[in-house]
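Listed below are the residues making up each chain.
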Amino acid sequence: MNTMKKRMILAVAALASMAALSCSSELTNSAAPVELVVTNSQNLSRLDLDPTNTDPDCAGEIGTINMQVIPKNANATGSFVQVRVQRYRVSYRRTDGGTVVPPTFVRSMDTLIGVGATVGSNFTVLEADALNQAPFAGLQPQNGGRDAETGRPVVKLEVILEVFGETLAGDNVFDSTVFPLEFCFNCGGCA
C-alpha cells in the first residue's frame, strides 16, 4: 500500500474516532443535573386558510406544548435545579417535496419549572403575516389555489419548536418537539 493511501486511511480513522468520542461524551449532553423534556399534544393537524370557514372543529388552539423538568439523579433537588425557560425558536421543514418555508422566528418567554413539575403552554407557531407569504399565499384562489413548487392544493410541513432555558444554578438546558401541519384553502375544515 502506498504512503498516500495509508495517510488517507489514517485520516479517515482519526475522524471516525473523534466523531465516536464526541457523540458519547459529555460535550453532547447538558452538564445540568436535570433534563428539560418538551412534548406536544396536538388538537388540529389541518388548517383551512379560508377566512369564511366556520367549521367548529377549526376553533381553538393547534395544541399545547408541555415542558417538564426531570432529575438525572436523586441528588438533583432544591431550588437551584429549577429551570427558567427564557425563549423558544420555531422553524419549519416541508414534508411534501417543497422547499419554501415561513421564516424562522424566536420569541422570549419567562416560565419557571420545578423538578418533577410539568407546565403546559400555548406557543405561537406562525407569525401573523406568514399566511400572506409563500408558500401559503399560492393556496389562495386569487393566486391559483396551488403551491407554486409542488402544484398541490395543500402545503405539508413539520413545525420544529425548540425551547431554551437554564437552571437557577446557570446550567443550560434545551429540548425540542416536532409536529405536522397541513395548510389548504376551502378544504372542508380542519381535522
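Preceding this paragraph is the structure being described.
Throughout, residues of each chain are indexed from 1 in the direction in which the sequence is written. In keeping with the model being predicted, local features are shown solely for residues with a pLDDT of at least 70 and side-chain atom pairs are shown and tallied solely at 80 or more, while totals for entire chains, interfaces and linings include all residues. Side-chain metrics in this entry use all non-hydrogen atoms of the structure; hydrogen atoms and water are not considered.

Caption draft 1: Broad picture of the overall build of the protein. For helices the rule is a DSSP run of H or I covering at least 4 residues; for strands it is a run of E covering at least 2, with both sets numbered from the N terminus onward. What the protein contains, in helices and strands, is 1 helix and 8 strands. Remark: exposure states derive from per-residue accessible area (1.4 Å probe, protein chains only) relative to the maximum for the residue type, with buried under 20%, exposed over 50%, and partly exposed in between. A burial count over the protein gives 33% of its 191 residues as buried. The accessible surface values rely on the Shrake-Rupley method and a 1.4 Å probe; as for residues, cover is taken only from the protein chains in view. Accessible surface computed for the protein: about 10,900 Å², of which carbon and sulfur atoms make up 53%.

Caption draft 2: Region of interest: the pattern of salt bridges. By convention in these notes, a salt bridge is any Lys or Arg side-chain nitrogen within 4 Å of a carboxyl oxygen on Asp or Glu. Following the criterion strictly, the structure yields 8 salt bridges and no others. Ionic pairing is found between Arg84 and Asp110, a salt bridge with its closest N-O pair at 2.7 Å. Residue Arg84 is found in strand E4 (residues 83–94), and its partner Asp110 is found in strand E5 (residues 105–113); the two are separated by 26 residues along the sequence. Given the relative accessible area of 30%, Arg84 is considered partly exposed. Among the salt bridges present, the one from Arg94 reaches Asp96, with a minimum N-O distance of 2.9 Å. Its relative accessible area of 8% is what places Asp96 among the buried residues. The structure contains a network of salt bridges with shared partners spanning Arg94, Asp96, Asp147 and Glu149.

Caption draft 3: Inspection of the environment of Gly170 at higher detail. Locating Gly170 in the fold gives a position in the loop between strand E7 (154–167) and strand E8 (172–184). Residue class for Gly170 comes out partly exposed when judged on its relative accessible area of 40%. Measuring from C-alpha to C-alpha, the distance between Gly170 and Ala32 comes to 8.5 Å, with 138 residues separating the pair along the chain.

Caption draft 4: Structural detail: the side chain of Glu162. Structurally, Glu162 is set in strand E7. Residue Glu162 is classed as buried on the basis of its relative accessible area of 15%. Pairs of N or O atoms within 3.5 Å make up the polar contacts considered here, provided that, within protein, one atom can donate a hydrogen while the other can accept it, and that residues adjacent in sequence are counted only when both atoms are side-chain atoms. Side chain to side chain, Glu162 and Arg89 meet in a polar contact 2.7 Å long.

Caption draft 5: Geometry of the environment of Gln82. As for its position among the elements, Gln82 is in the loop between strand E3 (63–71) and E4. Taking the C-alpha atoms as reference, Gln82 lies 9.4 Å from Gly116; in sequence the two are 34 residues apart. What makes two residues a contact is simply this: any of their non-hydrogen atoms within 4.5 Å. Apart from residues lying up to four places away in sequence, Gln82 is in contact with Leu112, Ile113, Gly114, Glu166, Thr167 and Leu168.

Caption draft 6: Region of the structure containing the sheet that holds E3. Pairing between strands is defined by DSSP: at least two bridges between them are needed. An order of E1-E3-E6 is seen for the 3 strands of this open sheet, with the pairing classed as antiparallel. At either margin of the open sheet sits one strand with a lone partner, and together these are strand E1 (34–42) and strand E6 (118–121). When the angles between neighbouring strand axes are averaged without regard to direction, this sheet yields 20°. Where E3 and E6 come together, 4 bridges link them in antiparallel fashion. Simply put, an axis is a line fit to the C-alpha atoms, just over the touching stretch for a helix, and the angle between two N-to-C directions goes from 0 to 180 degrees.

Caption draft 7: Up close: the packing of aromatic side chains. Working definition: rings of Phe, Tyr and Trp (its six-membered ring) pair if their centres are within 6.5 Å, and the pair is stacked with planes under 30 degrees apart, edge-to-face with planes over 60 apart, and tilted otherwise. Applying the stated criterion to the full structure yields 3 aromatic pairs. For the pair Tyr88 and Phe123, a centre-to-centre distance of 4.5 Å together with 85° between the ring planes defines the contact as edge-to-face. Residue Tyr88 is located in strand E4, and its partner Phe123 is located in the loop between E6 and E7; the two are separated by 35 residues in the primary sequence. Overall, Tyr88 belongs to the buried group, its relative accessible area being 6%. Residues Phe136 and Phe183 carry aromatic rings whose centres are separated by 4.4 Å and whose planes lie at 50° to one another, so their mutual orientation is tilted. Residue Phe136 is found in the loop between E6 and E7, and its partner Phe183 is found in strand E8; the two are separated by 47 residues along the sequence. Grouping residues by exposure puts Phe136 and Phe183 together as buried. Put simply, a charge is over a ring when the Lys NZ or the Arg CZ is close to the ring centre, within 6 Å, and near the line of the ring normal, within 35 degrees. The aromatic ring of Phe164 is capped on one face by Arg87, whose charged end is 4.5 Å from the ring centroid.

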